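The residues making up each chain are set out below.
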There are 2 protein chains.
Amino acid sequence: MNAEPDSVTAAILVIGDEILSGRTKDKNIGTIADYLTAAGIDLREVRIVPDEAEMIVEAINALRARYTYLFTTGGIGPTHDDITADCVAQAFGVEIDVDERARAMLLERHKPEDLNEARLRMARIPFGADLIANPISKAPGFRIGNVMVMAGVPAIMQVMLDAVGPTLRGGAAMQSVTVEAKGVPEGTYAGDLGAIAKRYDTVSIGSYPMMTPEGFRNRIVARARDPEALAAAVAEIEALVARLTA
Amino acid sequence: MNAEPDSVTAAILVIGDEILSGRTKDKNIGTIADYLTAAGIDLREVRIVPDEAEMIVEAINALRARYTYLFTTGGIGPTHDDITADCVAQAFGVEIDVDERARAMLLERHKPEDLNEARLRMARIPFGADLIANPISKAPGFRIGNVMVMAGVPAIMQVMLDAVGPTLRGGAAMQSVTVEAKGVPEGTYAGDLGAIAKRYDTVSIGSYPMMTPEGFRNRIVARARDPEALAAAVAEIEALVARLTA
């Protein structure tokens, strides 16, 4: 199923060497994916890139042009490898400097004499951006155009997502129904399932094998924005499974 | 730190609507990342795309041109939404058909009368590819050119990675040393750490905040292929932390 022309779409850009080296296992992709699905926004693509300006800028520009929204995570701390804000400014062709609103937020946590050059990096915001509050450690994220720039630490990313999420335009929520294949092997129902998928072109139908101690236990998931089409497709899938388990 | 000209690089392409919807949380990226790091191969980029031919083909061609190796996961089962093999063939401009070696593998698990059209989809292999054995459920992955096509089910992906991994050209293994920042805030050491990173341009130095019940506990990780440069940089980082905790 292709994205419908009126659907609201999104991409995620995860920034950080630590994810690519395997040292840190990403948790943010799954969190954002769940959030967007519930909001009726189609997550269409994810990229993970290292802390390198050229790759970050290229990915920002490719993804923000292609989708309704782009969410980035990571690279907005105080250290030399935190270059996301500069890359966003470069991608948009705007200036970046210490933002007084962001400085005020940092002063809620740090004494003025502790607000050294490194910490002030966290207040550097591209011109024209709106801040995204961070109740946990105060250093804000920001939104510029259709790009939401968030922290990489999962707990902070979560509060930023909660803050910015309600400002986004949602689509009709995607509804999904899962049909348990009850031990019927994928290869047994694949032909008939493909025929059903072909008939219901507004319903996205997937088959997902899972290994369990009892062998493969497959699930068939049907997803659609149109409840009637969804119900009709699910009825056919259930009839198929019933026929094969009779 | 940019990838050195003689380094061996890789990308991962995760294929599947179920990851983008959040229904399934990916585990393969972290597994492959760990494996590549241990083998001295630099994972440089990851993309996740839906089960749509145009996006899959575009990503395969972008990534295989840019990196030494490309690993794909997902989309090689028997159902209609399993289109990875066809997309790989299209990306390489080669034909695809049932491969007799792959059919023989499937016959180890399925009776000939059960090898229906859907199951035979799993034996469709692009011309010129080498098979990657799958001891668990028999349906093979394959390698064509610099692209390794593997299953999405994590246990099967793992055995395929174990099978194909030893055939890859590894680089000098990246070594890493972690220095505990012992509660020193990132903003306190960021300036000096950045100066160290600038002096050691063959050493990749990152600072990673982690939230714990006791507040932020940061880790500084230095990574390099050159053990002498790594040791020298680590000595400076340790001296910096010692100075700040004295």
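What counts and what doesn't
Residues numbered from 1 in each chain as written. Chains lettered and ligands numbered in written order. Predicted model: local features only at pLDDT ≥ 70, side-chain atom pairs only at ≥ 80, totals over all residues. Heavy atoms only, no water. Least-squares fit on C-alpha atoms with pLDDT ≥ 70 in both. Contact = heavy atoms within 4.5 Å. Pairing = 2+ DSSP bridges. Helix = DSSP H or I, 4+ residues; strand = E, 2+ residues; numbered from the N terminus. Axes fitted to C-alpha atoms, helices over the stretch in contact; angles between N-to-C directions. Buried area = accessible area lost by both parts, 1.4 Å probe. Polar contact = N/O pair within 3.5 Å; in protein donor to acceptor, adjacent residues only side chain to side chain. Nonpolar A, V, L, I, M, F, W, Y, C, P; charged D, E, K, R; others polar.

- Looking at an unreviewed UniProt entry, one finds chain A named Molybdenum cofactor synthesis domain-containing protein, with Methylobacterium aerolatum as its source organism.

### Focus on the relation of the copies chain B and chain A
Two chain copies here: they are related by a rotation about an axis and a translation along the same axis.
Right, so step 1: Least-squares fitting of chain B to chain A yields an RMSD of 0.0 Å, with the superposition described by an axial translation of 0.0 Å and a rotation of 180 degrees. Taken together, these values place the two copies in the relation of a two-fold axis. Taking C-alpha positions as the reference, the residue of chain B nearest the rotation axis is Arg47 of chain B, at 2.2 Å.
Right, so step 2: When the interface residues of chain B are mapped onto chain A, 100% of them are again interface residues, pointing to one common binding face.

### Digging into the sheet that holds strand β3 (residues 69-73) of chain A
Right, so step 1: Spatially, the 12 strands line up as an open sheet ordered β6(A)-β7(A)-β8(A)-β3(A)-β1(A)-β2(A)-β2(B)-β1(B)-β3(B)-β8(B)-β7(B)-β6(B), and their pairing is mixed. Either end of the sheet is taken by a strand with one partner, and the two such strands are β6 (130-132) of chain A together with β6 (130-132) of chain B. Each strand of the sheet is rotated relative to its neighbour by a mean of 20 degrees, with strand direction disregarded.
Right, so step 2: Pairing geometry for strand β7 (residues 141-144) of chain A and strand β8 (residues 147-150) of chain A, over 3 bridges, is antiparallel. Pairing of Arg143 of chain A across the sheet is with Met148 of chain A, part of β8 of chain A.
Right, so step 3: Contacting β1 (8-15), β3 (69-73), β7 (141-144) and β8 (147-150) of chain B, helix α4 (residues 84-92) of chain B crosses the sheet at an angle of about 5 degrees to β7 of chain B.

### Concerning the interface of chain B and chain A
Right, so step 1: The interface of chain B with chain A comprises 62 residues on the first partner and 62 residues on the second.
Right, so step 2: Note on chain B versus chain A: buried area summed over both sides is about 4,800 Å², and carbon and sulfur give 55% of it.
Right, so step 3: The tally of links between chain B and chain A comes to 18 residue pairs in polar contact (both at pLDDT 80 or more).
Right, so step 4: In terms of residue count, helix α8 (residues 186-199) of chain B provides more of the side of chain B that touches chain A than any other element does, 9 residues in total.
Right, so step 5: Considering only residue class, the side of chain B that touches chain A consists of 30 nonpolar, 16 polar and 16 charged.
Right, so step 6: Two elements, strand β2 (residues 41-49) of chain A and strand β2 (residues 41-49) of chain B, share 3 bridges in a ladder whose sense is antiparallel. Bridging from a neighbouring strand, Arg47 of chain A pairs with Arg47 of chain B of β2 of chain B.

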